[in-house]
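Chain and residue survey
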Amino acid sequence: MKINFYLRFHTNFGQKLSVRTTILQPEQDDVIATHPMQYLNDQFWQAPVTLNNPEQSTIRYQYILTLEDGSQIIDGEHDRIIEAQKIKGHELQVIDTWNAEGWFENVFYTIPFQQTLLADRVTKTKEKPVKQFTHQFKVKAPLLKKDEAIFIIGNSIELGNWQKGQEVLLTREGNWWSTKLTLANESFPLAYKYGVYDTAEKEFVKLEDHEDRHLPGNASEGLLTVVHDGFVRCSFPEWKGAGTAIPVFSLKSKNSFGVGEFTDIKLLVDWAKEAGMKLVQLLPVNDTTATRTNADSYPYAAISAFALHPIYINLDKVAGKAQAAIMKGLKKKGKQLNDLPQLDYEQVIRFKFDALRELYEAQKEDYLDNPDFYAFYQTNKHWLVPYAAFSHLRDKNGTSDFSQWKTHSVYNKEAIEKYTSPKAKHYDEIMLYYYIQYHLHLQLKEAATYAHKKGVIVKGDIPIGVYRYGCDAWVEPQLYNMGMQAGAPPDDFAVKGQNWGFPTYNWEKMQQDGFLWWRQRFEQMSNYFDAFRIDHILGFFRIWSIPIDAVEGIMGYFVPAIPVHINEFGERGIRFDLPRFTKPFITDAILEKVFGNKADQVKEQFLQASQRGTYELKEGFATQRQVEQHFSQAAPGETDAAVREGLYDLISNVILFEEKGSAGSRFHFRINADKTPSFQHLEGQTQHQLRDLYHDYFYRRQDGFWKEEAMKKLPALKAATNMLVCGEDLGMVPHSVPAVMHQLGILSLEIQRMPKDPHARFTKLSRVPYLSVVTPSTHDMSTIRGWWEEDKQTTGQFFAQELGQLTEAPAACTEWISKAIVLQHLHSPAMWSIFQLQDLFGMDESLRVEDPAVERINIPADSKHYWGYRMHVTLEHLIKEKALSRELKAHIDASNR
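Anyway, here's the lowdown on the structure attached to this text. Quick caveat: nothing in here was measured; it's all calculated off a predicted structure. (Residues numbered from 1 in each chain as written. Predicted model: local features only at pLDDT ≥ 70, side-chain atom pairs only at ≥ 80, totals over all residues. Heavy atoms only, no water.)

On to the sheet that holds strand β27 (residues 543-547). One open sheet accounts for four strands, arranged β24-β23-β27-β28; its pairing is antiparallel. For this open sheet the edge positions go to β24 (498-499) and β28 (557-559), each flanked by a neighbour on one side alone. In this structure, β27 lies alongside β28, joined through three bridges in antiparallel fashion. Looking at β28, one finds that I543 is bridged to V559. (Pairing = 2+ DSSP bridges. Helix = DSSP H or I, 4+ residues; strand = E, 2+ residues; numbered from the N terminus.)

As structure tokens, this is what we get:
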């Protein structure tokens, strides 16, 4: 079959275009080919393509733009399909329009909009049966109102000769509006436009407000022309939505068992619906059970990227009426835990797990021939079986650190299949985890379905890393750099940086199988979520990598990064001194400043004199991890935290890190090197030269390289899912990040008190991009009220600059201030305004807590922070108290007019 591809696209000199065809063949591998296109004229590129024996095939195709530097951009249209069997015997000509991935209209073809938010707007029109036709016109229009349809009109008889009332109505086919016409007797080129028609009132609404479209060519016998015209070029009201964010564990209902549960999401949805909101956002809900202690409250340290956390299960729903007696004895304990102001993680998980074990023993026979359970198992066994085995081995060995297990410390698929065999004596222990995950799946799926019926979508969260001693790292350690730790560089919230402890991703290895692990992860998430937040999207450009022997984030550097070569020092006139630049610089003056009257004690116990007249750390204390281990083994009451932290500071008092394996030839600057005592003790000229090289390293040489790294990963990952993708792009943001996110249509995160412009004190909400999420705070920050009390000078500036007040700022954040900040976000141009539930409580006197500090969820600077925040009122109470929801709905409605 011969297909002539024509693409409307104006290229610059040196750019090239190609078309990639994928023949989808049932029960066979898809046939993928890329065909170079030829420049035809200033409007079109062309590629004649012959496909062999495609009669029973479906052909999907996309265009690829190759830029002058060799990088490629793939066109964002995913809905161009040729059904070869329907055009047998014809020569096909397709005339297409480029669809940039970052165009905002594409967002409305993602799952949340197509299946929930815009689902009630689909207008059905009847297509007149057409046996013979020469042309098919297709166009997209995502933001039509209910009962609106698209028409086409133009300068030919078939197109109505521009006569109002003679419009040709199109029919909705999938994501396209389409019509088939016979234009054999028409003169080409044709001039035409699309417009909007009200099918209920049977009247013309509006015509495209751009210049006429033109179609060259002809309608010769045997030639079929399909025109993909992109988007209708009419002005439509911008779609905007509001939502609320809260971790599942923080929810509270009358029937919660001391923790928020998946069943409580329904009540949250009920309240959100009443408040005019269209989204609820949750933190990660994956299983973090590593120690069964409060340390597992950290939701970003999942032992499995696929398994759900047992703590969120509703026991009553699992028990049903048949096992209600088992639950009866737990009612008192559940109420006691639910009445606590904070989550008691250890007690809740212990009581829930014991109850689940008892329920499983009572119900296990019911699952032997349960077809739904079997289907769940078959669909998920690629992760479910290893997860169950891991969980059992963790419990059996008393640790999730698989390197310490007596058996199966190294994952072997065949051995684990045997270990999880129904014939194994411990099979009930394995089956217990299948059973728990099945019920968690049912409950979260039910909550998501309920939300959709209410017109509300559910947004999830994808952590940047996996737990070092978790199932994913056990099963496929080659996908991770186990000798490194992910984190973040220092900022105003964590002056020594952050060390999350996760191994960093081995992206080269992940790319070898087309990012299979990520694609499976997205598929699993799409069972429950419509949208997701990519935690720390900057990590896809480069990740802050901390060696395993370091404790503090300040000991990290960006990977990948273009290092400083040893020759660069000489080229800049810097005398290179390897030990001076790369070893801790320790003098008596520094020791006195860091340790005060304990300096002599520290010298005696931890240091030794060096040949340079300075000091060096003794063997056994040369790394932060060795120092940490020393103090962790000290007897209770003998640990001197100040000395330990001081030793950390000595170890981090370096200017450069030598790149491992470079034989002393490649180096990375320590972040904030110019603020170290080591740097400040250099002579002035050397400081000046090093400072310039430091600036080049961090702010000049990396940006293009980091963009290339991101484009190796993000386009493929985004193409693997049709969920709405949002990025958390906060922190030390490379210049290329906004452009890449815009190019890929990934929504950015904009926070008023964290401006991305280094010269601004606050983000101007009136200037944020449409494809963005605005929020006054996140789980990693204090709430609006908490922030207001942290720094009087900052809130004073905000009060004057952003709220336009001439008086002195009040010491505490009043209801009207909370309300004013919420309104600023709602009236911003951003597609989404999302608020922590605590910030909305701040608008209502009856719902405010006395101390806003208790509402903070996380403190990033504290790696051992306990994630225990819970609502101080029940969801039932919140629904009953109508004042806040009514007020919010009125404000949200007003912001959308």
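On we go from here.
Attention shifts here to the packing of helix α15 (residues 588-595) against helix α16 (residues 599-606). Between α15 and α16, whose axes approach to 9 Å, the crossing angle comes to 115°. Classed by the angle they form, the pair α15 and α16 counts as roughly perpendicular. For the pair α15 and α16, the crossing hand works out as right-handed. Between α15, through D588, L591, E592 and F595, and α16, the contact on the second element is made entirely by A599, V602 and K603. (Axes fitted to C-alpha atoms, helices over the stretch in contact; angles between N-to-C directions. Parallel < 35°, antiparallel > 145°, perpendicular 65-115°, else oblique. Left-handed = near helix turned anticlockwise from the far one by under 90°. Contact = heavy atoms within 4.5 Å.)

Burial analysis of strand β6 (residues 58-66) places seven of its nine residues in the buried class, the great majority of the element. The pairing of strand β2 (residues 16-24) with β6 spans nine bridges and is antiparallel. The residue of β6 that forms the bridge with R20 is Q62. Sheet topology places β6 next to strand β7 (residues 72-74); three bridges connect them, and they run antiparallel. In the sheet register, L65 faces β7, and the bridge partner there is I73. Connecting β6 to the antiparallel partner β7 that follows it, the hairpin turn spans five residues, and G70 within it adopts a positive phi of roughly 90°. (Buried < 20%, exposed > 50% of the residue type's maximum accessible area, 1.4 Å probe, protein only.)

Moving on, we come to the environment of L393. Tracing the backbone shows L393 in helix α7 (residues 371-397). Sequence-wise, L393 and D640 are 247 residues apart; in three dimensions their C-alpha atoms are separated by 37 Å. Those residues in contact with L393, other than ones at most four positions away along the chain, are T399, W405, T407, H408, Y419 and W474.

A few words on the sheet that holds strand β34 (residues 724-727). Pairing is parallel across the open sheet formed by eight strands, whose spatial order is β34-β26-β21-β20-β19-β37-β36-β35. Across the chains shown, the open sheet's two edge strands, defined by having one partner strand only, are β34 and β35 (748-751). The mean angle between the axes of side-by-side strands here comes to 25°, regardless of whether they run parallel or antiparallel. Summarising the sheet, strand β36 (residues 772-775) and strand β37 (residues 832-836) pair through two bridges and their orientation is parallel. Note on β37: the bridge partner recorded for V773 is W832. Strand contacts of helix α25 (residues 815-826): β19 (241-245), β36 and β37, with the helix running at about 155° to β37, the strand carrying the most contacts.

With omega at 5°, the peptide bond leading from F188 into P189 counts as cis. In this structure, P189 sits in the loop between β14 (176-181) and β15 (190-198). Note the cis peptide between V559 and P560, where omega equals -5°. Here P560 is to be found in the loop between β28 and β29 (564-565). At A663, a position not held by glycine, the phi torsion is positive, near 55°. With respect to the helices and strands, the residue A663 is situated in the loop between β32 (656-658) and β33 (666-669).

This paragraph deals with the nonpolar core. Grouped together as the largest cluster of nonpolar side chains are 185 residues, with contacts concentrated most on W271, W474, W517, W518, L647, F669 and L840. No other element matches helix α9 (residues 427-453), which puts 13 residues into this core. Within the second largest apolar cluster, 25 residues are counted, among which are L7, M37, Y61 and L65. (Core = buried A, V, L, I, M, F, W, Y, C linked by side-chain atoms within 4.5 Å.)

If you walk through the whole model with that rule in mind, you get eight cavities of 30 Å³ or more. The space that makes up the largest cavity amounts to roughly 230 Å³. If you trace the largest cavity, you find 21 residues lining it, with A245, Q281, R533, T778 and H779 closest to the centre. Sorting the residues of the lining of the largest cavity by element identifies β34, β35, β36 and β37 as the ones contributing at least two each. (1 Å grid on protein atoms, 1.4 Å probe; cavity = no way out; pocket = protein on both sides within 12 Å on 5 of 7 lines; lining within 4 Å. Points joined across faces, edges and corners; volume = space filled by probe spheres on them.)

Glancing now at the packing of aromatic side chains. Evaluation of the coordinates by the stated rule reveals 71 aromatic pairs. On the basis of an interplanar angle of 65° and a centroid distance of 5.2 Å, the ring pair of Y505 and W507 is categorised as edge-to-face. With respect to burial, Y505 and W507 carry one shared label: buried. With 5.2 Å between their ring centres and 90° between their planes, W517 and W518 make a pair best called edge-to-face. Just as W517 is buried, W518 falls in that class too. Pairwise contacts between aromatic rings join Y480, Y505, W507, F515, W517, W518, F522, F532 and F540 into one cluster. We note K140 situated over the ring of Y109; from NZ or CZ to the ring centre the distance is 4.5 Å. (Phe/Tyr/Trp six-rings, centres within 6.5 Å; stacked < 30°, edge-to-face > 60°. Lys NZ or Arg CZ within 6 Å of the ring centre and 35° of its normal.)

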